[in-house]
Amino acid sequence: QYYRMFGTTRIPGIDCDTLKFHPQSTHIIVTYNNRYYKIDNVAFLNGKQIEKCLEEIVNGSSDNNFSGPGISNYTSFGRTEWAKKRLELYDENSDFFNQVESAIFHVALTDYKVTNQDELLRLGQDGLDSTSIWFDKSLTIIASVTSGHMIANMEHSVVEGDVHGRIIAACCEF
């Protein structure tokens, strides 16, 4: 189960959703200020290198951004409505969809300053406005760049919930 948690996305269907697994994926997707960024070959980067990539994104100096329609909000819609919208947008945005859906996981950065546990839980539930989280990714890590708080949003059709919890707990111990 652990293996399939990374690189998996739920693809909406009119009648039934499907899971798409990308075992050869080498990148993560980062969203910040409604922009999408790709960090390639993340398995070969150490913590300091990943931190530098994230700092470049926050400081606006990263050139790894790619454009796409601001559609992550649609992933929070009803499944049939989202499936229809994805079909409508896919042909003109197939590269965008492929980059996001094939990512190992998603990181959503926000300037929102978390001041209490209720705000942190809400941030994990819907990103405060549903525009920063790709809800179909098996794992999205949401981090406040102003307060340093972090929480995860997980798509549970990929693996059982305790798998997500164990991975997050291991990250916190690290």
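One structure accompanies this document, and this report is about it. Just so it is clear, the structure is predicted and the values come from calculations on it, not from any experiment. (Residues numbered from 1 in each chain as written. Predicted model: local features only at pLDDT ≥ 70, side-chain atom pairs only at ≥ 80, totals over all residues. Heavy atoms only, no water.)

With respect to the packing of aromatic side chains
Per the stated rule, a full pass over the model turns up 10 aromatic pairs. Their ring planes at 85° and their centres at 5.2 Å tell us that Tyr74 and Phe77 sit as a pair that is edge-to-face. Given a relative accessible area of 27%, Phe77 falls into the partly exposed group. With a centroid separation of 6.4 Å and an interplanar angle of 10°, the aromatic rings of Tyr74 and Trp82 are classed as stacked. Since its relative accessible area comes to 24%, Tyr74 is described here as partly exposed. With relative accessibility at 0%, the residue Trp82 sits in the buried group. Among the aromatic residues, those joined into a cluster by ring pairs are Tyr36, Tyr74, Phe77, Trp82, Tyr90, Phe96, Phe97 and Trp134. Above the plane of the ring of Phe97 lies Arg86, whose end atom (NZ or CZ) is 5.1 Å from the centre. (Phe/Tyr/Trp six-rings, centres within 6.5 Å; stacked < 30°, edge-to-face > 60°. Buried < 20%, exposed > 50% of the residue type's maximum accessible area, 1.4 Å probe, protein only. Lys NZ or Arg CZ within 6 Å of the ring centre and 35° of its normal.)

Here's the deal with unusual backbone geometry
The backbone phi angle of Asn34 is positive, close to 60°, even though this residue is not glycine. When you line up the elements, Asn34 lands in the loop between strand E3 (28–32) and strand E4 (35–39). Exposure remark for Asn34: the relative accessible area of 63% places this residue in the exposed category. For Asn41, which is not glycine, the phi dihedral falls at a positive 50°. For Asn41, the position within the fold is in the loop between E4 and helix H2 (47–59). (Helix = DSSP H or I, 4+ residues; strand = E, 2+ residues; numbered from the N terminus.)

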